[in-house]
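Listed below, chain by chain, are the residues.
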Amino acid sequence: MAKKKPAVEVVDTEQYIVDKIVGNEIKDRAIHYKVKWEGYSAEYDSSEPEWRITAEQKLIDFALTVIVPETYVDTIPTILSQLKSYEYDEEIIQTAIDPLSILALTTVQCGSVKFIDNDSIGSKLFFLEYLRDIKQEYLLHSAALPSDEVIDQNMKRYSAELRYRLYAFPEHPLIRILIPEDIEKLFYSPPLLSQLLFEPVTVEIYNRKENHLFAPQSTDIGFNKTRPFLHESYLNVKKCYDPRWFEHFFLDRRLLYNGMPRDVRSRDRRFGCSLLLEQELGRGWVLRAALDVEEEIPLIMMAGVIRPCQEAHKSLCRFGERVAFSSFIEIPGTDSCLDRREFHDFTKYIPHSCNPTCSVRLVKSGNDYPDLVVYSKVKLNEANNHMISLDYYKGFRKEVNRYFHKNKHPEGKVFHLFEKKMDFVQCQCLMGGKCRNVLYVDRSLKAENPNEKKKHKLEDMDPQFQFRGMAVVDDTNRIWEIKDAQFVE
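Residues numbered from 1 in each chain as written. Predicted model: local features only at pLDDT ≥ 70, side-chain atom pairs only at ≥ 80, totals over all residues. Heavy atoms only, no water.

The name an unreviewed UniProt entry gives the chain is Chromo domain-containing protein, with Caenorhabditis remanei as the organism.

Trainee: Can you help me understand the packing of aromatic side chains in this one?
Mentor: Here a ring pair, both rings aromatic, is described through the centre-centre distance and the interplanar angle of the planes. One pass over the structure, following the stated rule, counts 29 aromatic pairs. Judged by centre distance (5.7 Å) and plane angle (75°), the rings of Y33 and F62 are edge-to-face. In this pair, Y33 sits in strand β2 (residues 30-37) while F62 sits in helix α1 (residues 56-66), placing the two residues 29 residues apart along the sequence. You can call Y33 buried: its relative accessible area is 0%. (Phe/Tyr/Trp six-rings, centres within 6.5 Å; stacked < 30°, edge-to-face > 60°. Helix = DSSP H or I, 4+ residues; strand = E, 2+ residues; numbered from the N terminus. Buried < 20%, exposed > 50% of the residue type's maximum accessible area, 1.4 Å probe, protein only.)

Trainee: Please clarify how the sheet that holds strand β1 (residues 18-27) should be interpreted in this entry.
Mentor: Hydrogen bonding along the main chain pairs the strands of a sheet, whether they run parallel or antiparallel. Strand order across the open sheet formed by three strands is β1-β2-β3, with antiparallel pairing between neighbours. Sheet topology places β1 and β3 (46-49) at the edges, where each strand pairs with a single neighbour. Shown here is a sheet whose adjacent strand axes are inclined to one another by a mean of 35°, direction ignored. Of the strand pairs in this sheet, β2 and β3 are connected by four bridges, and their pairing is antiparallel. (Pairing = 2+ DSSP bridges. Axes fitted to C-alpha atoms, helices over the stretch in contact; angles between N-to-C directions.)

Trainee: Looking at this structure, I do not really get the UniProt feature "domain: Chromo" (unreviewed entry) in the chain. What am I missing?
Mentor: Mapped onto this structure's residue numbering, the UniProt feature "domain: Chromo" (unreviewed entry) falls at residues 16-62. Between the C-alpha atoms that bound residues 16-62 there is a distance of 18 Å. The span itself is 15% helix and 47% strand. (UniProt positions renumbered as here; feature names shortened; annotations may be inferred.)

Trainee: I'm lost on unusual backbone geometry in this one. Help?
Mentor: With the exception of glycine, the majority of residues adopt a negative phi angle, and the majority of peptide bonds are in the trans configuration. Phi is positive for N385, close to 60°, though the residue is something other than glycine. Here N385 lies in the loop between β14 (371-376) and α11 (397-406). Positive phi outside glycine occurs at D484, with the angle close to 55°. By the element assignment, D484 lies in the loop between β17 (479-483) and β18 (486-488). Owing to a relative accessible area of 74%, D484 belongs among the exposed residues under this scheme.

What follows is the structure in structure tokens.
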């Protein structure tokens, strides 16, 4: 009997290139954009729902035509304080909620994925509420461009204070912040130093907010009206209490260090590769290797607040996939996950890829929770632009395959979901035939009801689906050690 030909995936129908977006409107709780198509006259302009448009930079260009870059930052606190009252205010949604959210939405997971929500108004309001609650409104400031003089002056202070923080964590890799020479359209303020963590902490430690692990925020304004600096009370302390000198006073350090118990060896330098945090238009900050790296080299440890896995699912039901999938990482072998919402480390600036350059291993930590260490699967060099990428969505792969096995999709997976008006996560990793295109399909019991509000979908999730954090570890049954910046079993 002749063998059957392998199934061929039809990605989508013919695609058209967006020339520019010239307006927005609201239809059935979805933002629609008036699109001018490249190579076509004005008579072919059309109104397209947001979830059909993947031209993120065109969306940014449109947002910049709606807001006033010189003054809009001053209006953000008022807008965020009244979000609930704006749900049905079409004028405010079109002129404030939509353009503001575009600035931040394009940076989630470094712009490597697109969250398709038919109730785009509801999802935008959820996301802005989330940014307000975790005190990350600075992500909305990117359209305010500081002068070169301000950038240079602020970067000197920021870099010095970052180095000061890193002295207290000798095992952490060196991080260099790279600002483009020419600022084009947007400027992304560096991560707030007061919200950076350099090793995992428990909820109990989080509640104490020890100064060694949690640095207080300065009220000084920097860059584009953000507060990225550290408070002087943290920087001006007695020498014996200065984290930079803990290594010289071992006994004192043991008394002063109030973090999780850690193996002494694990507090030596385990990571020998320098890393680079670089901003890219439409993607925000992206983490890369600063120099060439060989295969299977440990790069950096993931950090966050260790919470029960139920917290990840609660966040999904409260704020949606965009927040939950970009914030929570499962810790295998435990009932816990890393919560990287308010406090996070530099690994939050690693994009998704269906063919990633890196993965994550479990590493001995000296306490009940193994460290999650990002390492190079392949050589990082000029050929791949020293890119550090992870497959965040491999834990959903079986579920997605099961869905499309049951649901025929002759015109392609993406087009099938568009036609059914279902929420999903679309990949934008640009890996050609290796890209899975659809990374997650809505698990709500109301997923196939296109008229349902996002809020009601999230409140009625399939009880058989429990989100525990993104499953990024490649081998959950093996725990490694690191010696001299190399893995040993």
